[in-house]
Structures are given as structure tokens and as C-alpha cells.
Amino acid sequence: MWRREQFRYTKGHYKKSPKELLFCAVFQVAFASVIGSYNFNGNVLNSLVSLSNLAEFWRLWFGIFVSFLLSWNIKWIFMLNLFTFPIFSFLVFTSNSIYQSAEFRFAIFIIYDCVTYIFFYAFIWFEYINPWLVLKVTLRDPKWYWNIKPLFARDGFYSCKQSFWFPKSFRNVFCYEGERNALDQPHGFGTWTSEWYAGEVLTGYWENGIPIGPFKSREFGTGFAFANVRIGFITTTTAAFTKNNVILADTPKYGVMGVECSISGKFINNLPLVKLIQNPYLTQINHQAITIDDMIEYTIHVDERKLQSEYDHTSITIQATKTGLSIKNHIPVCNESRQESVIRCALKTVKSTNLVENGHLRKRNNSRLDSLSEMEMNQFGSNTEQIPVIDLLGWKSIQPVKEALVYVHGIATHVELASKDLAQVMAMGNFPPNIKPFMFCWPGGTQLSFFQAREMASSLPIRQLFIKFLTDLKERGFQKFHILCHSMGSRIVSYATTDFHSVFSTIKQSETASISSSSTIHQETTLESVTFFNPEIPLLEFNHQYLPILQKYTGLITIYGNRHDIPLFFAEWITMEKRTGCRVNGFVQPIDFPTNQTQILNLDIIDCTALDINLPTTRHCYFNFNRYIIDDLVEMILTKQRAVDRKHRLLLIENNVFGFLVAPSFVVGD
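Once a new chain begins, its residue numbering starts again from 1 and follows that chain's sequence as written. In view of the model being predicted, local features appear only for residues whose pLDDT reaches at least 70, and side-chain atom pairs are presented and counted only at 80 or more, with totals across whole chains, interfaces and linings using the full set of residues. Side-chain metrics in this entry use all non-hydrogen atoms of the structure; hydrogen atoms and water are not considered.

(A) Fine view of the nonpolar core. The nonpolar core is taken to be a set of buried Ala, Val, Leu, Ile, Met, Phe, Trp, Tyr and Cys residues, with the residues joined through side-chain atoms within 4.5 Å. Categorising residues by exposure relies on relative accessible area from a 1.4 Å probe, with only protein chains included: less than 20% of the type maximum marks a residue as buried, more than 50% marks it as exposed, and the intermediate range marks it as partly exposed. If you look at the biggest cluster of nonpolar residues, it comprises 54 residues, and the most contacted ones within it are F440, W442, F466, F469, L473 and F500. Per-element tally for this core: the top contributor is helix α12 (residues 460-475), with seven residues. Counting residues in each nonpolar core, the second largest holds 45 residues, with I231, I435, C441 and A643 among its members. Each helix is a run of H or I in the DSSP string that is no shorter than four residues. Each strand is a run of E no shorter than two, and both are numbered from the N terminus.

Pasting the structure below:
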């Protein structure tokens, strides 16, 4: 855990403004220009010319380099320049001959360089040397190094010193409750609590004392939050984990990764951070290939252990459909119940315990109130309390079915980069545990291999591999599917619609099966939603060929587009074809040519042109960090509502085009 704290401290917050770095570099140039070199004669113009001295350039640019390197200490260096600049300038411009001597100015530069070197070596110490020393010593005898002692005033808590180099510093209070291995290390599911400013409260899965995820965490003092999510993936390329090409592999590989992301507060630099849990890239002779069953088994959620009783409903989504009522996670007892339901508030009795003693939270072996052992109940003192839940007459509550969220990335995106995009959406969206994230990774090449990547995305082998991946998930119990695709990944999804009949039931088939099996859970596999982020597929091709097929399988088709999408603009310029992602007003089709009558296509278009928060300059890939898009996506997937029903976030612009209710980033309150 100390290594995680050190990592956050040394890497700094995400991300220092380039303007701040540039301003510091310009300030360094101005400082060196005023001070001059050894032959400075009081003329500022000559001081600028004197910078041609090689040694002077070395000192100047080394200072700028250190300023960029120490981005986490950039303000300290700026403050150093701010305070030393007027002092040194006064000494240089004063009439005293002592201050105008070359030796004095040389001494000034030596002092300035020494301070810069101190910052540089401090960076090396905190970033590399100190973590290495702590790791070596901690592995040998952690109890001696950290001086760990039990805290008798609080059962289950321990105290340790915060730093080996400062033994008289304040002691850190921490505890761990959960599963352990034979060496008494955290192993399995558990919660770590460290009650000092840079400490963490982390709940999730551990392996031999190291949190491997999935987990949820927050800093104790700042409240900055992090989440680690598991993602299963299939890769069909021959490239390495962080590389990409346009070569299709002979055999696809399966794998699982854990991705840690910042989700609240100041974002930490170098996050998202990816770690392979099931590595398909190992080349050992005795290495056993990872199967799709292994991928599904290790793609777990931090709330995977929630029991059925924890799905007690205090709020329920009810929708009116053509066949009657549709209530989330409920099925009707009989056909008559489908047309009506009586909602009432019931009270459920659960066990509660007094876990606060002397102002502190007491330690217990299980986080669930209604699963304490009899010994724990006698120890803490027990009583019961009643909590309100919703009871639906004529409907039976069921555990949520397994749903798969499949993401298809775009061009010039390798496996690691695609996993960061999807993990950030899953972490900030806080999806429920029954929705499992998966990725379909294909040989997308680079920006310079646009035409080769387009042929690959449109090829028959890629389409067959994608359909097979969906079929394998279906055969392993996934009944509902959500498909997300970005950029050129829209071609793979669109071309695969011609084979969706082998995986999904049509809307009519699902409605028929739902009516015939009113009191049982039907096994129809449905395509719940398809979402396109800045799709690259040509507009006319999508509207006339693939959209009509897609509408047979799902009524929830959404396109997030941007009229200022730069990559799609160049794609249109190169191929002379309109692109779906930047033509948000083009989703109408003519039905009567002489009268110019048109028909609005049955899908939702979300125009993101007005958004200017968390958007890159290219305005092409921003769905993973934009809070408005993530919230809208989560609401759409969980409630199955069309854009016209998501009125508190979206505004109808025209036809089926919607925009976000958002103010520009530069507009602030007084």
C-alpha cells in the first residue's frame, strides 16, 4: 500500500497544463537573459547575444528540461524563479561594481543551478531510489521496518510509523478485514483501511498482500477515488499488447486485464494503469492457452458477492410496451399481471448492530449486517430494524440475468489503449455486477494504414470472428447484449448485422416468447442496445443497407456524433464519401422524390458538437472521459429508455437529433 501512495505522490495529478510548463520555460529564458554570462556589460541586448556561449546554453536548457521533468513540482520551480528574479535583477543592474563583476554573476548562476540540481536529485530519490530501498527492506522484515504494533484501544487495528527516515513522526493507524493466505497476508476479498492523510480505504480482491482488483478505493484525507475493473478480451491480431498492425492472427487469443482508473477528485497521472490478469502473450512451452471459459471466469465485478437479498428494491423501473408492462428484474406471475400491477411499500426486518464504540468504527468479520455470526451478535449487541422495500403484487422478483457489454475499438488502437477507454467508462459509469465488459480487438493498424484497416474491418474473416465471439458468450449463459463501437469499429458491427440471426432473436420473436412464457424466465437472447461513437462507416451505406437490418433486432440504436470531428473530415476528403459520425443531420431518407418528402429514421442521434469539456482537439475520441456522455450511456443501458425520454439531460433539436443541456466550460458563476 505504501508503494501505491508513493506512486500517486510521485506521478502527480493528471495533467499539468501545457501553458503552465511553457510559462515556466519562458521564465527561465528571461531569467538567464537578464543575468547574462561572464562578459555581461550591463546591456540587456548583449546579454541575449551572450547566450551563444555553449556552457550557458547547457545550463539554460538543462533547467528547462528539469522543469518539464518535474511536472509534479512545477509550481515550486516557478516560485523559485519568481522570488529570485527580482533579487538577482536588482543585483545585476545596481551601480555597485562588485555586483557587476563576472565573478559575482558566475556565483549567481552556480547558486541557481545548484537549486535546480537539488530538485532534480530529489525527483530521482523519490521516484526510484527510495521506493527500491523500501521494497528491498520491507520484503525482508516489514514488521521491523514499519515498526508495526497492535492498537489495543481498538480491536483489530494496528499502528506503524509513516516513514523509516523520520521515526518520531506521527504513527499511521490501519487495519485489514477479510480473507488471508497461509502467511497471514491479504488474499481474496477484503477491506484495507489506513487512517492517515495519504492512506487508502480499499475494498476488493487481493493476491498475496497486493490489491489486484477489481476494487474500489479512496484516499482517506483527500477523498480522491479510484476503481479497478476487470475486462475480458479477444484479440485477433498478431501484434503485441501495446502494438498494432493489420495482420490477422491464425488463432484468436483470450485474456483478462485489470485496469485501475481515477473516477473522482483530481485524476492521477499514469492512470488508467493496465495489468494483465490472464496473459495470452506468454510464449513458454508449457503455458496453457487461455480459453473463453477462463476469460469469463476471471472477468469479475467488485460487487460480485452480493447476495439476492441485497437486490431488494427501493426503486424500480417500469415501462409500458406493446405487450404490456415491463418491470426490471421482475416477471409476471400470470398473463393478467402483465397488464396491471399493484405497488405497495412493505417493511423488511433485518439485523442491525452497534458498530461504533468510543467514536470509532469497530472491526467485524463481515460487511453484511444480516450475516453476522451468533458470537459477533452477542459481542456487539444486536437488535432488529425495519427497512422499506417495494412489493409488486402479481410479479415475482428475479436475480438480474447475465448481460454482456461488448466494445469494438476503432483504427490505430491497440489492446492496451482500447482497454483504458472501456475501463474508464465502466469505472465512471459504476455499472452493476451483472453487466460484464468484453472487448473485441481487431488489427486496426495505424493512421497511415487507413485503407488497409478499412479492408480489414470490412473483411469476411473479421465478421465471422465477431459473430463467433458473440455466439460463444451466448452459449455460456449471457442473455442480453449491449454493443459499443467507436470509429472504424462501426464497420465491423454494421457488416455483422447480416449474421445476427444466428445469435439474437428479433424484436417480434422476443415479444412472442415473452407473452408465451409469462410466469417463467424465457431464454431468448436479445440485443438490447447498439451504440456508435463517432462512426466512420459511410452515411448512405449505413442508412440503406445495415440500419434496416439492425432495427429488426433492437429498438435502441444511438449515435453520438460531432460535426467538427477532424479525423472524419479528412476521411471524407480522402474518399469523397459522407461519414456517419459527423453528419448528425443526415439520418432521413426520401420517400417521395417529386415532393421532396422525407422519413425520419428510427434511431437516436446525439449531437456532441456543443460539448467542450474533456474533449481532445480532434474531437473524435472523448466518450471515455466526458461525464455527460457516460451518464447518458448508463441511463440508456440500465433503463432502456430512448433519447426522447431522457429529458433531464437531452434537448430535442430537430427530428431525431438531440443535444446535451450543458453550458460552455468558460461560463462560470459570479
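(B) The arrangement of the side chain of E541 in detail. With respect to the element layout, E541 can be found in helix α15 (residues 539-550). In this structure E541 is buried but unpaired, with R491 as the nearest side chain of opposite charge at 4.5 Å. Setting aside anything within four residues of it in sequence, one finds E541 in contact with Y495 and Y546. Counted as positive: Lys and Arg. Counted as negative: Asp and Glu, with His and the chain ends omitted from the count. In what follows, salt bridge is the name for a side-chain nitrogen of Lys or Arg lying within 4 Å of a carboxyl oxygen of Asp or Glu. In what follows, residue pairs with any heavy atoms lying within 4.5 Å of each other are defined as contacts.

(C) Highlighting the environment of Q185. Its location among the elements puts Q185 in the loop between β3 (171-180) and β4 (186-194). With relative accessibility at 29%, the residue Q185 sits in the partly exposed group. Taking the C-alpha atoms as reference points, Q185 and E207, 22 residues apart in sequence, are found 8.3 Å from one another. Residues contacting Q185, with those up to four places away along its chain left out, are E179, R180, N208 and G209.

(D) Spotlight on the packing of aromatic side chains. Between 30 and 60 degrees the pair is tilted, below 30 it is stacked and above 60 it is edge-to-face, where a pair is any two Phe, Tyr or Trp rings, Trp via its six-membered ring, whose centres lie within 6.5 Å. For the coordinates displayed, the defined rule picks out 22 aromatic pairs. Judged by centre distance (5.5 Å) and plane angle (90°), the rings of F438 and F478 are edge-to-face. With F438 in strand β19 (residues 435-441) and F478 in the loop between α12 and β20 (480-486), this residue pair connects regions lying 40 residues apart in the sequence. Judged by its relative accessible area of 0%, F438 is buried. Of the residues examined, F478 reaches a relative accessible area of 1% and is grouped as buried. Consider the rings of F450 and F451, whose centres lie 5.3 Å apart with planes at 85°: the pair is edge-to-face. Taking the relative accessible area as the measure of exposure, F450 reaches 14% and is therefore buried. A network of ring pairs unites the aromatic residues Y158, F174, Y176, W192 and W206 as a single cluster. A ring has a charge above it when a Lys NZ or an Arg CZ is no more than 6 Å from the ring centre and no more than 35 degrees off the ring normal. Just above the ring of F478 sits the side chain of K402; from NZ or CZ to the centre is 4.4 Å.

(E) Up close: the environment of V401. Looking at the secondary structure, you find V401 in the loop between β17 (395-397) and β18 (403-408). A residue is classified by how much of its surface remains accessible, and V401, at 16% relative accessible area, is buried. Taking the C-alpha atoms as reference points, V401 and K480, separated by 79 residues in sequence, lie 7.7 Å from one another. With residues near it in sequence (within four places) discarded, V401 still touches N434, Q479 and K480.

(F) Up close: the pairing of strand β5 (residues 200-207). Summarising burial for β5: six of the eight residues are buried, a large majority. Two strands pair when backbone bridges link them, and β4 and β5 are joined in this way by six bridges, in the antiparallel orientation. If you follow T191 over to β5, its bridge partner there is T203. A pair of strands is treated as paired once DSSP finds two or more bridges between them. Following β4, the chain reverses through five residues before pairing antiparallel with β5. In this sheet, strand β6 (residues 210-219) lies alongside β5 in antiparallel orientation, the contact comprising seven bridges. Paired with G204 across the two strands is F215, which belongs to β6. In this structure, the hairpin formed by β5 and β6 is closed by a connection of two residues, where N208 is found at a positive phi of approximately 55°.

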